[in-house]
Amino acid sequence: MNECLFCRIAGGDIPAETVYENAQVLAFRDISPQAKSHVLIIPKQHLEGLNDLAGAKDDMLADLLRAAHEVAKVLQIDQTGYRLVSNCGKDAKQSVLHLHFHMLGGEALSERMV
Ligand code: DGP
């Protein structure tokens, strides 16, 4: 059995509130939202994080970013604005080792680090 939490969500073993899906990408609401709209956008292909993009299928990152725009439209935050963040590794406090982008929006967000 696949032990990766997000692979199990993508496979339908663990329920999640899907907001967008295509052949390569799944977007679902974060279990612990940090903003009014907080969605996780993942590739269905398992990669641990940004350091593993060399093993990604062709155009996977471009597909993911195009899908992010579709997610923003579904959430109706494409015009009001949003933040897209991927935590990579220990110092960034990545807790799930399956590449994902957090999409945060739906309200004025707190101060930025960058
Ligand atoms: P990160 O810390 O960047 O690796 O983000 C992992 C996110 O995953 C975190 O914001 C909480 C979320 N999360 C953890 N477990 C689950 C789950 O079972 N379901 C959903 N929907 N989100 C989860």
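Right above here is the structure, for reference.
So, a few notes on the structure that sits alongside this text. (Residues numbered from 1 in each chain as written. Predicted model: local features only at pLDDT ≥ 70, side-chain atom pairs only at ≥ 80, totals over all residues. Heavy atoms only, no water.)

## Quick word on the pattern of salt bridges
In step 1: Per the stated rule, a full pass over the model turns up six salt bridges.
In step 2: Where Lys44 meets Glu21, a salt bridge forms, and the shortest distance between an N and an O atom there is 2.8 Å. Placement of the pair is Lys44 in the loop between β3 (37–43) and α2 (60–74) and Glu21 in strand β1 (residues 18–21), with a sequence separation of 23 residues.
In step 3: For Lys44, a relative accessible area of 27% gives the class partly exposed. (Salt bridge = Lys/Arg side-chain N within 4 Å of Asp/Glu carboxyl O. Helix = DSSP H or I, 4+ residues; strand = E, 2+ residues; numbered from the N terminus. Buried < 20%, exposed > 50% of the residue type's maximum accessible area, 1.4 Å probe, protein only.)

## Details of the side chain of His98
In step 1: Along the chain, His98 turns up in the loop between β4 (82–85) and β5 (101–105).
In step 2: Looking at His98, the relative accessible area reads 0%, which means it is buried.
In step 3: Among all residues touching His98, those that are not within four sequence positions of it are Cys4, Phe6, Cys7, Ile42, Pro43, Lys44, Gln45, His46, Leu47 and Glu48. (Contact = heavy atoms within 4.5 Å.)

## Here we look at the site of the ligand
In step 1: Taken together, 15 residues form the shell around the ligand, and within it Arg29, Asp30, Asn87, Ser95 and His102 come nearest.
In step 2: Take Asp30: an N or O atom from its side chain is 2.5 Å from an oxygen atom of the ligand.
In step 3: One of the backbone nitrogen or oxygen atoms of Ile31 is found 3.2 Å away from a nitrogen atom of the ligand.
In step 4: In isolation the ligand exposes 510 Å². Once the protein is present, 82% of that is buried.
In step 5: Elements with a minimum of two residues in the shell around the ligand: α1 (5–10) and β2 (25–29). (Near = heavy atom within 4 Å. Polar contact = N/O pair within 3.5 Å; in protein donor to acceptor, adjacent residues only side chain to side chain. Areas by Shrake-Rupley, 256 points an atom, 1.4 Å probe, with all protein chains shown as cover.)

## Section: unusual backbone geometry
In step 1: We note that Gln76 has phi near 60°; this positive angle belongs to a residue other than glycine.
In step 2: Judged by relative accessible area, Gln76 falls into the exposed class, the value being 68%.
In step 3: In this structure, Lys93 is a non-glycine residue whose phi angle is positive, near 65°.
In step 4: Tracing the backbone shows Lys93 in the loop between β4 and β5.

## Quick notes on the environment of Leu53
In step 1: By the secondary structure assignment, Leu53 is in the loop between β3 and α2.
In step 2: Residue classification places Leu53 among the partly exposed positions, given a relative accessible area of 26%.
In step 3: Put simply, Leu53 and Leu99 are 46 residues apart on the chain and 9.1 Å apart in space, counted from C-alpha to C-alpha.
In step 4: Apart from the residues lying within four places of it in its own chain, the contact partners of Leu53 are Leu47, Leu61 and Leu99.

## As for the state of the cysteines
In step 1: Enumeration over the complete set of coordinates arrives at zero disulfides.
In step 2: With no disulfide partner, Cys4 has as its closest neighbouring cysteine sulfur the one in Cys7, 3.7 Å distant.
In step 3: Judged by relative accessible area, Cys4 falls into the buried class, the value being 13%.
In step 4: For Cys7, a relative accessible area of 15% puts it in the buried group. (Disulfide = S-S within 2.5 Å.)

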